[in-house]
Amino acid sequence: MPNNSKPSYIGHRERIREKFASAGLDSFLDHETLELLLTYAVARKDTKPIAWALLKKFGSLAAVLDADPAQLTNVPGVGQNTARFLKLIRAVFKKYSFDEVKERVTIRTPQQVLDYCKASLAGRKEECLEVIYLSVRNTVMSTQVVASGLIDRVAVSPRKIVECALAAKASAIILVHNHPSGDATPSQEDINLTQSVIRAAELFGISVHDHIIIGKGAHYSLKANGKI
């Protein structure tokens, strides 16, 4: 007699999707969130062991989403399509965070743009300097990565930053960059660069509201800490 019973993971997929539909992600643990995501990328497999394997390798849900596709595909059960799907989730989160920031009427504190900064730069393997361009009413107009690699006054000059701000017709800017080492404490070079940008921007009537440094699970605002 043929066995028409469904594989056990089919029922689990249905239950975890129903749990999300009824209560959202608030009660989900990291492995459950990954399991749910993987049900939309992995066909005909139990996603629970794959989710656990990803967390074991990378340590957290955020680290999984930040991982390179090549690293992801080293995990059993994760193919290229699944790796691309996870990177898509990360990219959508970045876009969503930026759109949320753009919806705000005004930007007055570092905390208001912090979610976007983390979404944009946290987890990057190389140092990047991004500039957030603000209108005269402090609404977000656009953002731009102006340098990547080693961030100092050789890699990116204050003049270049000001030229980019003028091209964007910005009245004010917020500088954001990451420390791949994880320590968000600014170096003396970070402080010197910021002060040079402030002096250059003042000549054209552009304000520098802040310089935010993103580390691993931490951030540092030069303005809030009296460095500018």
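Please refer to the structure higher up on the page.
Analysis parameters
- Residues numbered from 1 in each chain as written.
- Predicted model: local features only at pLDDT ≥ 70, side-chain atom pairs only at ≥ 80, totals over all residues.
- Heavy atoms only, no water.
- Helix = DSSP H or I, 4+ residues; strand = E, 2+ residues; numbered from the N terminus.
- Expected span 1.5 Å × (residues − 1).
- Buried < 20%, exposed > 50% of the residue type's maximum accessible area, 1.4 Å probe, protein only.
- Arc of directions from axis to C-beta.
- Polar contact = N/O pair within 3.5 Å; in protein donor to acceptor, adjacent residues only side chain to side chain.
- Pairing = 2+ DSSP bridges.
- Axes fitted to C-alpha atoms, helices over the stretch in contact; angles between N-to-C directions.
- Contact = heavy atoms within 4.5 Å.

1. A short note on helix H3 (residues 47-58)
Inference 1: The end-to-end C-alpha distance of H3, which contains 12 residues, comes to 17 Å, matching closely the 16 Å that a straight helix rising 1.5 Å per residue would cover.
Inference 2: Within H3 the residues assigned to the buried category are Thr47, Ile50, Ala51, Leu54, Leu55 and Phe58. Seen along its axis, H3 keeps its buried residues to an arc of 135°; they face one direction.
Inference 3: A distance of 3.1 Å separates the backbone nitrogen of Lys48 from a side-chain oxygen at the start of H3, and that oxygen is part of Asp46.
Inference 4: In the segment just after H3, Gly59 is the residue with positive phi, at about 100°.

2. Some details on the sheet that holds strand E5 (residues 219-221)
Inference 1: Sheet architecture is open: 5 strands sit in the order E2-E1-E3-E4-E5, paired in mixed fashion. Of all the strands in the sheet, just strand E2 (140-148) and E5 have a single pairing partner and so form its edges. For this sheet, the mean angle separating the axes of adjacent strands, direction not counted, is 20°.
Inference 2: One ladder, built from 3 bridges, connects strand E4 (residues 207-214) with E5; its direction is antiparallel. In the strand pairing of E5, Ile213 is matched with Tyr220.
Inference 3: Its contacts with the sheet place helix H9 (residues 188-202) against strand E1 (128-134), strand E3 (172-178) and E4, and it is angled at close to 160° to E4.

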